[in-house]
Every structure is written in structure tokens, then in C-alpha cells.
Amino acid sequence: MVKEASYLDWNNSIQILNKAHQADLFVLIIGPKGTGKTSLVRDFAKSKNAKLESINFSLRTRESHLIGTKTLTNGTVSFEEGLLIKSMNEGSMLYLDEINSAEADVLLRLDEALDDRRQITLKESTGEIVKAKEGWFVIATINPLTHSGTKELPPQLLSRFPVRIRLEYPPEDIELEIVKRHVSGNHDSEIVQAIKLANILRQAAAVEELFYSPSLRETIAFGKLLDGGMSPKESAKIVFGNVYTQWGNIEYQKVNDIITSMFGN
Ligand SMILES: Nc1ncnc2c1ncn2[C@@H]1O[C@H](COP(=O)(O)OP(=O)(O)O)[C@@H](O)[C@H]1O
Ligand SMILES: [Mg+2]
């Protein structure tokens, strides 16, 4: 089994989460993919010894995932709780991942539970009112609107999360520290080079010169391939270069030239 690397809290996010938790204010984490949003939340839940219920939102997420569904077994109707109801009843931590990729009607239902009364009417079941147990805490994430499939979050839902944490790609030296937590060998100088490459590609993607922005997942994967004995240049091509084939040969060649200039022929 792969040991989970510990989370490096490089921008004081844990402290902000702690303050929000104390004040019973729900939190929204905003940032591109692969910047550590999920690992931050897992680390925080662990530090609080809290049970974490997670929902990863997509266009296919339905109200029933949140609320629950009526089931009929041997003539008996029972109600299977969705994760929102479950976490409210448990008083646990609820992680709503990428809420801005869900359909608007699903989000409306969320809004009901998140208002100051922290309760929801179970019209799907017996019409009873579920009130969140003491300690219930919600953290949501959204990707910036440039990500495909993301929609603007309705302002009223946004206001349910008054504490907002921005997570961007870390500075170079910190990214090196993070990658090192995930790899075992010593390849510092090659990893620094890969981080520089990643930052060039991120900047190009930010101004829409390229269609894809590599995340920490890629710089970590690069380090892991080096651990496995692959050469830096081949690892760079495999992890950073080949993906651009998706947008055609010109895009791919552009990146491949950068890789060759940085990692040699
Ligand atoms: N600060 C950090 N400390 C340790 N690992 C990190 C950190 N930030 C990101 N990672 C690692 O980078 C990868 C992507 O992080 P993840 O939390 O899945 O990002 P996101 O949820 O923003 O897409 C994971 O392997 C994660 O462990
Ligand atoms: Mg995530």
C-alpha cells in the first residue's frame, strides 16, 4: 500500500479552517485542479478527528445523491439517506467537491440546508424536518470558471460560504518541498527543472496559448517516474508533453520543443 504523503500547509490554510470551524462559518476553497484542495480538507478533518463525508459533483449529480431515495424492499418502504442528510444527522464534516460543476436545481436544494437554520424539509420522505446535529461543518470547493464544465455559482449559494480560501500553484521552492514528500529518491535538480517546465506551461495556459495547465499531480508523477529509474527527459515527455497531442500536432510540437530545450536531446 502507498503511504499517503503528509500535507504541507504552505499558506496557512489550516489556521483559517480552524478559525472558521470555531466560528461555525462554512468555507469555500477556490483554485485550479491539483493545487491540494482535497488533501487540505482531508488533513483538516483528520486533525479534528472528524468523520468526513464527501460528494464529488458533476453534471450527473442528482438531488437524490444529497437527499436520499425511497426504496421498496419486500413491500416495506424505507428511506436511504443521501450524504447531505447523513452528515447533518451525524454532525460530521461534509466535503462538497467542485460544486460549480453541478446543475442548478441540485444546488438549490443545498441552499436550503446551508442557511442559518441548518435544516431541511425531507419532502422526499415523510416531510419531516432534519436539523443538523451540533458540530456539522461544510467545506466546498470550486474550480475557476476557465475550467471546462464549470458554471458560475449562484450568489446566494456563494454567500453560504463566507470564508474563502484561495489555493494557487505554490512558489517553486514550496512545490519542490511538496513533490519531495511524495517521492523517495533524491532528484532535486531534475524536479526543480520539471517545476520550471510546469510553470512555463501554466503561464502559457493562463494566457490561452496552450489548452492545458499541468498541476502538482504532474510534477509529483514526474518525480515518481524518476524513482522508477526513468530518465528525466522521457519522464517529462510522458508526463508533460504527450497530453498536448489531444489538441493536435502543432500544440504538441510547441511543448516538445520546450522539453528538448530544457532536458536536452
Ligand atoms: N500542500 C501539499 N502537501 C502535500 N501534498 C500536496 C499538497 N498540495 C498538493 N499535494 C498533492 O498533490 C496532488 C493533488 O492534490 P489534490 O488535493 O488532489 O488537489 P485538488 O483537490 O486541488 O485537485 C495530491 O497527490 C496531493 O497529495
Ligand atoms: Mg480534488
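Here the structure is shown first, and the text comes after it.
Conventions adopted
- Numbering of residues starts from 1 in every chain and runs along the sequence as written.
- Lettering of chains starts at A and numbering of ligands starts at 1, both following the order in which they are written.
- Given that this is a predicted model, residues contribute local features only at a pLDDT of at least 70 and side-chain atom pairs are listed and counted only at 80 or more, while totals for whole chains, interfaces and linings are drawn from all residues.
- To obtain the side-chain values, all non-hydrogen atoms of the structure were included, while hydrogens and water were left out.
- The cutoff for a nearby residue is simple: one of its non-hydrogen atoms must lie within 4 Å of the molecule or strand.
- Throughout this description, a polar contact denotes any pair of N or O atoms lying within 3.5 Å of each other; where both atoms belong to protein, one of them has to be capable of donating a hydrogen while the other can accept it, and for residues adjacent in sequence the pair is counted only when both atoms sit in side chains.
- Residue-level accessible areas treat just the shown protein chains as cover; the underlying method is Shrake-Rupley with a 1.4 Å probe.
- Only DSSP runs of H or I reaching four residues or more are called helices, and only runs of E reaching two or more are called strands; each is numbered from the N terminus.
- Residues are grouped as follows: nonpolar covers Ala, Val, Leu, Ile, Met, Phe, Trp, Tyr, Cys and Pro; charged covers Asp, Glu, Lys and Arg; every other residue, Gly included, is treated as polar.
- Domain start and end points were adopted from an automatic or database domain assignment.
- Any Lys or Arg side-chain nitrogen found within 4 Å of a carboxyl oxygen on Asp or Glu counts as a salt bridge.
- Burial here depends on accessible area, computed with a 1.4 Å probe over protein chains only, as a share of the maximum for the residue type. Under 20% is buried, over 50% is exposed, and the range in between is partly exposed.

Attention now goes to the site of ligand 1. Within the structure, ligand 1 sits among 17 residues, and Leu8, Gly34, Thr38, Ser39 and Arg217 are positioned closest to it. A distance of 2.7 Å separates an oxygen atom of ligand 1 from a polar atom in the side chain of Arg217. In the complex, the protein chains occlude 87% of the 560 Å² of accessible area that ligand 1 would expose alone. Every element with two or more residues in the shell around ligand 1 is listed here: α2 (37-47), α7 (172-182) and α9 (216-227). Class assignment for the residues of the shell around ligand 1 results in seven nonpolar, seven polar and three charged. Residues lining the shell around ligand 1 come from more than one domain, with at least three contributed by each of domain 1 (13-166) and domain 2 (172-263).

This next bit is on the pattern of salt bridges. Throughout the structure, instances matching the rule amount to 12 salt bridges. For Lys86, the salt bridge is made with Glu53, and the minimal N-O distance between the two is 3.1 Å. Separated by 33 residues along the polypeptide, Lys86 in helix α4 (residues 83-90) and Glu53 in strand β2 (residues 52-56) bring together distant segments of the chain. Note on Lys86: relative accessible area 28%, which makes it partly exposed. A residue is classified by how much of its surface remains accessible, and Glu53, at 7% relative accessible area, is buried. Here Arg160 makes a salt bridge to Asp111, at a shortest N to O gap of 2.9 Å. Remark: Asp111 occurs in helix α5 (residues 104-114) and Arg160 occurs in the loop between α6 (155-158) and β9 (163-166); sequence separation between them is 49 residues. The exposure class assigned to Arg160 is partly exposed, which follows from its relative accessible area of 22%. A relative accessible area of 7% places Asp111 in the buried class. Among the charged side chains, a salt-bridge network with shared partners connects Lys51, Glu53, Lys86 and Glu90.

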